[in-house]
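Letter by letter, the chains look like this.
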Amino acid sequence: MRVVMFGYQTWGHRTLQALLDSEHDVVTVVTHPRSEHAYEKIWSDSVADLAEKHGVPVIIRNRPDDELVDQLREVAPDIIVANNWRTWMPPEIFTLPVHGTLNIHDSLLPAYAGFSPLIWALINGEPEVGVTAHMMDEELDAGDIVVQRAVPVGPTDTATDLFHRTVDLIAPVTVEALGLIASGQKEFTPQDRSRASFFHKRAEEDIRIDWNWPAEGLERLVRAQSAPYPAAFTYHRGRRIEVVSAVVSEGRYGGTPGRVFYREGDGVVIVAGTDARTGRNHGLAITRVRTEDGRELPATEYFTSMGGYLTGRP
């Protein structure tokens, strides 16, 4: 099939490589310009560079326009394949090819449509994550599922671990889905919209630690914001510190959320949870921190004395 590929960053790069390695003919690539957004500078393999290396024409757009529609009509694709296209795609584009548009999304749809699905899924304690190939329609990430593959989430996995595990699914999922479409199959699995969820882009407010969260959720937040993502942060005595690593405490600690309370093993326990006053909660045992000047050190060295509070703002 003649394929036009829409994509960006490493997700789009892996998709394009899978298409180039397949029996299909990539006739044009559409991608976004480089971005300075914190999350878009991560996993930023260039789709444009890969296309140009293989002699495939490249169109750069922030969002579709009338000129792009005309260009796509000229190349007459049999199908569009999209992965990590960051702006709305109008019906005059996604319905243009005879086989429509296949979108590749890094979640187990219908859950975690939208942005940063791996991070949100890890924060929420999901037991597995994955990649879904689905047919695009007018509602974002809501079309019929063609192929879906899952991988388990382990108890110490970071978002970076899950990225590497799921990005390796892109090529087999994409090629298998295209094979089904090319064979003439047209009926696929409708999404159960009662199970759908839709998440926004991550921003600084999303990594600010709220000590009213239970310790289990905070420990997952720290893992979800593993390097190279921006680390979860809090304030101690008016200065910002990043929590590089942490575990749920073995003991249960009562009091006020955010209290710097007790040394336990290699960590310093912070009281957590809205009902921490009951004394039934585990705390978050911070093991490593990073200071405003970029120094990373064990929490037991940073917190030279117990007492005081960690807060959301200075």
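As a reminder, the structure under discussion sits directly above these lines.
Residues numbered from 1 in each chain as written. Predicted model: local features only at pLDDT ≥ 70, side-chain atom pairs only at ≥ 80, totals over all residues. Heavy atoms only, no water.

Visitor: I tried to follow the pattern of salt bridges on my own but got confused; where do I start?
Guide: A side chain with one charge may pair with a side chain of the opposite charge, provided their charged atoms come close. One pass over the structure, following the stated rule, counts 16 salt bridges. A salt bridge links glutamate 176 to arginine 149; the nearest nitrogen and oxygen atoms lie 2.7 Å apart. Taken together, the positions of glutamate 176 in helix α7 (residues 170-182) and arginine 149 in strand β8 (residues 145-152) put the pair 27 residues apart, joining distant regions of the chain. When its relative accessible area of 35% is taken as the criterion, arginine 149 is described as partly exposed. Residues joined by salt bridges that share partners form a network here, namely Glu242, Arg288, Arg290 and Glu296. (Salt bridge = Lys/Arg side-chain N within 4 Å of Asp/Glu carboxyl O. Helix = DSSP H or I, 4+ residues; strand = E, 2+ residues; numbered from the N terminus. Buried < 20%, exposed > 50% of the residue type's maximum accessible area, 1.4 Å probe, protein only.)

Visitor: Would you explain the environment of glutamate 219 in this entry?
Guide: Looking at the secondary structure, you find glutamate 219 in helix α8 (residues 215-224). Given the relative accessible area of 12%, glutamate 219 is considered buried. Sequence spacing of glutamate 219 and aspartate 65 is 154 residues, and the spatial spacing of their C-alpha atoms is 44 Å. In contact with glutamate 219, not counting residues within four places along its chain, are Pro155, Ala246, Val247, Val248 and Leu284. Here arginine 223 takes part through its side chain, which lies 2.7 Å from a polar atom of the side chain of glutamate 219. (Contact = heavy atoms within 4.5 Å. Polar contact = N/O pair within 3.5 Å; in protein donor to acceptor, adjacent residues only side chain to side chain.)

Visitor: When you look at the nonpolar core in this model, what are you seeing that I'm missing?
Guide: In summary, soluble globular proteins display a tendency toward joint burial of nonpolar side chains. One finds Leu102, Trp211, Ile286 and Phe303 to be the most contacted residues of the largest nonpolar core, which totals 73 residues. For this core, the element with the highest residue contribution is helix α5 (residues 117-123), accounting for six residues. Beyond its immediate sequence surroundings of up to four residues, leucine 102 is in contact with Ile79, Ile80, Val81, Ala82, Ala133, His134, Met135, Val146, Thr174, Ala177, Leu178 and Ile181. Counting 15 residues, the second-largest nonpolar core is a separate cluster that includes Val4, Val30, Ile80 and Ala82. (Core = buried A, V, L, I, M, F, W, Y, C linked by side-chain atoms within 4.5 Å.)

Visitor: Help me understand the environment of alanine 232 in this model?
Guide: By the element assignment, alanine 232 lies in the loop between α8 and β10 (233-236). Residues alanine 232 and leucine 180, 52 residues apart in the sequence, show an inter-C-alpha distance of 42 Å. When residues no more than four places from it in sequence are discounted, the contact partners of alanine 232 are Ile207, Ile209, Leu221, Gln225, Ile241, Glu242 and Val243.

Visitor: Honestly, the pairing of strand β4 (residues 79-83) in this entry has me stumped. Any pointers?
Guide: Remember that side chains alternate between the two faces of the sheet whenever the strand is regular. Among the five residues in β4, five count as buried, and that is most of the element. Every second residue of β4 is oriented toward a common face, with Ile79, Val81 and Asn83 on one face and Ile80 and Ala82 on the other, all of them buried. Here five bridges tie strand β1 (residues 2-7) to β4, and the two strands are oriented parallel to one another. Across the sheet, the residue bridging to valine 4 is isoleucine 80, located in β4. Inspection of the sheet shows β4 paired to strand β5 (residues 101-105) by four bridges, in the parallel sense. Residue pairing for β5: alanine 82 is matched across the bridge by asparagine 103. (Pairing = 2+ DSSP bridges.)

Visitor: Got a minute to help me understand helix α6 (residues 159-167) in this structure?
Guide: Owing to its 3.6 residues per turn, the α-helix aligns residues three or four sequence positions apart on the same side. Looking at α6, one finds that the buried residues are Ala159, Thr160, Leu162, Phe163, Thr166 and Val167. The arc that holds the buried residues of α6, viewed along the axis, is 160 degrees, so those residues lie on one side. The secondary structure elements touched by the buried residues of α6 are α1 (9-21), α5, β7 (128-135), β8, α7 and α8. (Arc of directions from axis to C-beta.)

Visitor: When you look at α7 in this model, what are you seeing that I'm missing?
Guide: Given a rise of 1.5 Å per residue, 13 residues ought to cover 18 Å, and the 18 Å separating the end C-alpha atoms of α7 matches this to within 8%. Looking at α7, one finds that the buried residues are Ile170, Val173, Thr174, Ala177, Leu178 and Ile181. Looking down the long axis of α7, one finds its buried residues gathered within 125 degrees of arc, a one-sided arrangement. On its buried side, α7 packs onto α1, β4, β5, β7, β8 and α6. At the C-terminal side of α7, glycine 184 shows a positive phi close to 105 degrees. (Expected span 1.5 Å × (residues − 1).)

Visitor: Looking at this model, I keep getting lost on the sheet that holds strand β3 (residues 58-60). Mind explaining?
Guide: Strand-to-strand pairing in sheets goes through backbone hydrogen bonds, with the strands running parallel or antiparallel. One open sheet accounts for seven strands, arranged β3-β2-β1-β4-β5-β7-β8; its pairing is mixed. Looking at the sheet topology across the chains shown, the edges are occupied by β3 and β8. With strand direction ignored, the average angle separating the axes of adjacent strands in the sheet is 15 degrees. Pairing between strand β2 (residues 25-31) and β3: three bridges, direction parallel. Bridging from a neighbouring strand, valine 30 pairs with isoleucine 59 of β3. Packing against the sheet, α1 makes contact with β1, β2 and β4, and its axis sits at approximately 165 degrees to β1. (Axes fitted to C-alpha atoms, helices over the stretch in contact; angles between N-to-C directions.)

Visitor: Please clarify how the layout of surface pockets should be interpreted in this entry.
Guide: Remark: the empty space left among the atoms is shown by a probe the size of a water molecule rolled over them. The calculated volume of the largest pocket comes to roughly 660 Å³. Along the walls of the largest pocket sit 34 residues, with Asn84, Trp85, Arg86, Gly114 and Phe115 positioned nearest its centre. Secondary-structure elements contributing two or more residues to the lining of the largest pocket are α1, β4, β5 and α5. If you go around the second largest pocket, you meet 17 residues; those closest to its centre are Tyr8, Pro33, Arg34, Ser44 and Ser46. Across the lining of the second largest pocket, the residue classes break down as five nonpolar, six polar and six charged. (1 Å grid on protein atoms, 1.4 Å probe; cavity = no way out; pocket = protein on both sides within 12 Å on 5 of 7 lines; lining within 4 Å. Points joined across faces, edges and corners; volume = space filled by probe spheres on them. Nonpolar A, V, L, I, M, F, W, Y, C, P; charged D, E, K, R; others polar.)

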